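The lines below spell out each chain.
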Amino acid sequence: MERQDAIDIFLSAVESVHPSKLIGEYLSVHLDMLTIGEHKIPLPSFENLYVIGAGKASAAMAVEVEKIIGKYITAGLVATRYSHSLPTSKIEVIEAAHPIPDERGIDAVKKTLQLLQQVRQDDIVLCLLSGGASALWCDLPDGISFPEVQTLFNLLINSGATIDEMNTVRKHLSKIKGGQLINHCNGARVFTLMISDVPSDSMHVIASGPTAGDLSTFQEAYQILQQYQLLEDISPSIRSYIEKGMRGMSPETPRQDDPMFNRTVNQIIGNNHKALLSAAAKAKSLGYHIHFMEHIINGDVNSEAKKLVEAANIYTGGKPVCILQGGETTVQVTGTGKGGRNQQFVLCALDELIELKKQGRFNNITILSAGTDGTDGNTEAAGAVINHDTLSRVIRENANIDEHLENNDAWHFFKKYGGLVVTGPTQTNVMDIMIAIVK
C-alpha cells in the first residue's frame, strides 16, 4: 500500500505544476485588457504579440497560451524535447534533442531569431521557458563547431557539476543565453513566464537565463571547467574562446542593472516548492503526517540518499509519516550502465537500508525518487520506488547492489527486481521529488 501511496503522492505533485494548472493563473484577457502576472496592458497599446520559448514544458505552455490569447497572437515558435510536442494552431513547435543538443536545436534558435527580426518596439514578446531549454536552444559561438559543443555538454552532464555550474559555462558559449536574447527583441516589451527546474529558482539560471540579467563571468566558466578537470578534454577552440573572454576580447553577459532590461519582466509560475505542497496535501488526504526536509538538495546522489534514509529511520514524530524533499542530485558518471540520478538515488537508499538492517536499526521505510519531467537519465523511467518487499527479495537473492551502483546501472537492477516508475512525458519540469514513507 505504501508503495502505491508514494507513487500517487508523486503524481499529484506533478499534476499541480502542469502548464494547464499554471498558465491561467498568470495570463488572462478581460474586455480590452491583457494581464500578464501583475501587469495590465491595454490591447490597443501594442501592434503585435509574438510567442517564443523552449523547454520540456514549452509545448504544453504554448497550448494553454493559445487557449487564453490565441486570437491576439501574431506568430510564435517554441522548441521542446522529442516526443513532447503537442498540436497548436498559431505557435509552431519544433522538437529537438535533450540533454545533448542536435541540429534541430540549432535550427530552433535560428528560426526564433528570424521570427524576432519582425518584432518592433511597439510589440510584445511573450517568452515561455522551462527546464531543458539550455540544450533545446543551442547556438554556436564564432569559431566553434557543433560536435565540439555536443562533446562539452556531455562532459558537463557526466562530471557531477550542478545545474548552476553547467549553465554558467553554457551562457558563455552562446549569443542568446545569459540575457543576450533581449538584444534580438528590438526594444519590444518582453514578458517571460518560467517553470523553474533549479534549486535556487534563480531567473538567471533557469534555461540559462536568456531574458534575465546575468551574474556569472568567463572567469567563473573557466574555473568550473578546471574544477571538474575538463580543460584537457574540451576542444582547444572552446578553451581559447573562454580564455579570450577572460581577457575582455569578447563581451561579458549583461548584468542585471543593464538598461536593456528596462522593458523586460520575468515571472516564475511554477517550481519544486509548489509541487511539494501538492504532494503534502495528497499525503495528508491518505492519512499521513507530513514532514518536510529543510532544504532543496543539489549535492552528490550517494550522500543525499543516505541522508534521507537516516532522517526517515530516526524520525520520532507522528506516524505513519510522509517525508518530502525536492531538488536535483549530481552524479559523477564513471560506469557504462543504464540509469539516471533518481534510480541511482533509490538504489543508494536501498543499499543503506540493507546496512541498517544488518545493524538492527531498520524501520519499515518506503523510498521513491523521480523526475517531474517523466524522464530519468538515458531511460524511459521517471525514477524508482522501493519498499520492505524489495528489501526482503534483494537480501534473499543476495543481489549485487555495489556492482550496479559502480556501473551507474540502476535501470537494469530495478528492471529485474521491480520498482521502475514510468509516467511518460509529463509536459512539465520542476526538478525531482523524493518521498520517504515510514509506517
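**Some remarks on the overall build of the protein chain**
And step 1. When helices and strands are counted, the protein chain shows 15 helices and 15 strands.
And step 2. Compactness check: the protein chain gives a C-alpha radius of gyration of 22 Å against a globular reference of 22 Å for 439 residues, within 12% of the reference.
And step 3. Principal-axis analysis of the C-alpha atoms gives the protein chain an extent of 70 × 55 × 35 Å.
And step 4. Within the protein chain, buried positions represent 58% of all 439 residues.
And step 5. For the protein chain, the computed accessible surface area is about 17,500 Å², with 47% contributed by carbon and sulfur atoms.

**So, unusual backbone geometry**
And step 1. The linkage connecting His 98 with the following residue, Pro 99, adopts the cis geometry, with an omega of 10°.
And step 2. Assignment of secondary structure puts Pro 99 in the loop between β6 (91–96) and α4 (103–116).
And step 3. At the junction of Lys 319 and Pro 320, the peptide bond is cis and its omega measures out at 0° in the coordinates.
And step 4. Relative to the helices and strands, Pro 320 resides in the loop between α11 (301–313) and β11 (321–327).
And step 5. In this structure, Asn 398 is a non-glycine residue whose phi angle is positive, near 55°.
And step 6. At Gln 427, a residue that is not glycine, the phi angle is positive and equals roughly 65°.
And step 7. Within the secondary structure, Gln 427 sits in the loop between β14 (420–421) and β15 (432–438).

**Examining the layout of surface pockets**
And step 1. Approximately 240 Å³ is the volume found for the second largest pocket.
And step 2. In this structure, the second largest pocket is lined by Asp 351, Ile 354, Glu 355, Lys 358, Val 394, Ile 395, Asn 398, Ala 399, Asn 400, Ile 401 and Asp 402.
And step 3. Of all the secondary-structure elements, those providing two or more residues to the lining of the second largest pocket are α12 (341–358), α13 (388–396) and α14 (401–406).
And step 4. The dominant element in the lining of the second largest pocket, judged by the number of residues it contributes, is α12, at four residues.

**Regarding empty space enclosed by the protein**
And step 1. Applying the stated rule across the entire model yields one cavity of 30 Å³ or more.
And step 2. Its boundaries defined by the atoms lining it, the largest cavity holds a volume of some 60 Å³.
And step 3. Along its surface, the largest cavity is lined by Cys 138, Asp 139, Val 149, Leu 152, Phe 153, Arg 170, Leu 173, Ser 174 and Lys 177.
And step 4. No other element matches the three residues that helix α6 (residues 146–159) contributes to the lining of the largest cavity.
And step 5. Of the residues that constitute the lining of the largest cavity, the class distribution is five nonpolar, one polar and three charged.

**Description of the packing of aromatic side chains**
And step 1. Per the stated rule, a full pass over the model turns up three aromatic pairs.
And step 2. Ring geometry for Phe 413 against Phe 414: centres 5.4 Å apart, planes inclined by 85°, an arrangement best described as edge-to-face.
And step 3. With relative accessibility at 1%, the residue Phe 413 sits in the buried group.
And step 4. By relative accessible area, Phe 414 is classed as buried at 1%.
And step 5. Feature note: the residues Phe 413, Phe 414 and Tyr 417 constitute an aromatic cluster, connected by ring pairs.
And step 6. Above the face of the Phe 153 ring, Arg 170 is positioned so that its terminal group lies 4.7 Å from the ring centre.
And step 7. Positioned above the aromatic ring of Trp 411 is the side chain of Lys 338, whose terminal nitrogen or guanidinium carbon lies 3.8 Å from the ring centre.

**Quick look at the sheet that holds strand β13 (residues 383–386)**
The strands that make up a sheet are held in pairs by hydrogen bonds between backbone atoms, and each pair lies either parallel or antiparallel.
And step 1. With respect to topology, six strands assemble into an open sheet ordered β10-β11-β15-β12-β13-β14, the strand pairing being mixed. Edge positions in the open sheet fall to β10 (289–292) and β14, since each of these has one partner strand only.
And step 2. Where β13 and β14 come together, two bridges link them in antiparallel fashion. Across the sheet, Ala 384 pairs through a bridge with Leu 420, a residue of β14.

**Quick word on the side chain of Ser 278**
And step 1. Position of Ser 278 relative to the elements: it lies in helix α10 (residues 272–285).
And step 2. In this structure Ser 278 touches Ser 12, Ala 13 and Ser 16, once residues within four positions along its chain are discounted.

**Observations regarding the nonpolar core**
And step 1. Ile 52, Trp 137, Leu 152, Val 169, Leu 173 and Leu 225 are the most contacted members of the largest nonpolar core, which totals 57 residues.
And step 2. Not counting the four nearest positions on each side in its chain, Ile 52 is found in contact with Leu 77, Val 78, Thr 112, Leu 115, Leu 116, Val 125, Leu 126, Cys 127, Leu 128, Trp 137 and Leu 181.
And step 3. In terms of nonpolar packing, the next biggest core, distinct from the first, is built from 51 residues, Val 17, Val 93, Phe 191 and Ala 279 among them.

**Section: the pattern of salt bridges**
And step 1. Counting across every chain of the model gives 15 salt bridges.
And step 2. In this structure, Glu 64 engages Lys 67 in a salt bridge whose closest nitrogen and oxygen atoms are separated by 3.3 Å. Here Glu 64 pairs with Lys 67, and both are found in helix α3 (residues 58–69), just three residues apart, close to one helical turn.
And step 3. Linking Glu 310 and Arg 361 is a salt bridge whose minimum nitrogen-to-oxygen distance equals 3.0 Å. Taken as a pair, Glu 310 in helix α11 and Arg 361 in the loop between α12 and β12 (365–371) lie far apart in primary sequence, 51 residues in all.
And step 4. Given a relative accessible area of 26%, Glu 310 falls into the partly exposed group.
And step 5. By relative accessible area, which is 35% here, Arg 361 ends up partly exposed.
And step 6. The network of salt bridges with shared partners includes Glu 232, Arg 239 and Glu 243.

**Concerning the packing of α11 against α12**
And step 1. Running from N to C, α11 and α12 cross one another at 50°; their axes reach a closest spacing of 8 Å. What the angle tells us is that α11 and α12 run oblique. Here α11 and α12 pass one another in a crossing that is right-handed. Between α11, through Val 301, Asn 302, Glu 304, Ala 305, Lys 306, Leu 308, Val 309, Glu 310 and Asn 313, and α12, the contact on the second element is made entirely by Arg 341, Gln 344, Phe 345, Cys 348, Ala 349, Glu 352, Leu 353 and Leu 356.
And step 2. Grouping the amino acids of the contact of α11 with α12 by side-chain chemistry returns nine nonpolar, three polar and five charged.

What counts, and where the lines are drawn
Residues numbered from 1 in each chain as written. Predicted model: local features only at pLDDT ≥ 70, side-chain atom pairs only at ≥ 80, totals over all residues. Heavy atoms only, no water. Helix = DSSP H or I, 4+ residues; strand = E, 2+ residues; numbered from the N terminus. Rg over C-alpha atoms; globule rule 2.2 N^0.38 Å. Buried < 20%, exposed > 50% of the residue type's maximum accessible area, 1.4 Å probe, protein only. Areas by Shrake-Rupley, 256 points an atom, 1.4 Å probe, with all protein chains shown as cover. 1 Å grid on protein atoms, 1.4 Å probe; cavity = no way out; pocket = protein on both sides within 12 Å on 5 of 7 lines; lining within 4 Å. Points joined across faces, edges and corners; volume = space filled by probe spheres on them. Nonpolar A, V, L, I, M, F, W, Y, C, P; charged D, E, K, R; others polar. Phe/Tyr/Trp six-rings, centres within 6.5 Å; stacked < 30°, edge-to-face > 60°. Lys NZ or Arg CZ within 6 Å of the ring centre and 35° of its normal. Pairing = 2+ DSSP bridges. Contact = heavy atoms within 4.5 Å. Core = buried A, V, L, I, M, F, W, Y, C linked by side-chain atoms within 4.5 Å. Salt bridge = Lys/Arg side-chain N within 4 Å of Asp/Glu carboxyl O. Axes fitted to C-alpha atoms, helices over the stretch in contact; angles between N-to-C directions. Parallel < 35°, antiparallel > 145°, perpendicular 65-115°, else oblique. Left-handed = near helix turned anticlockwise from the far one by under 90°.

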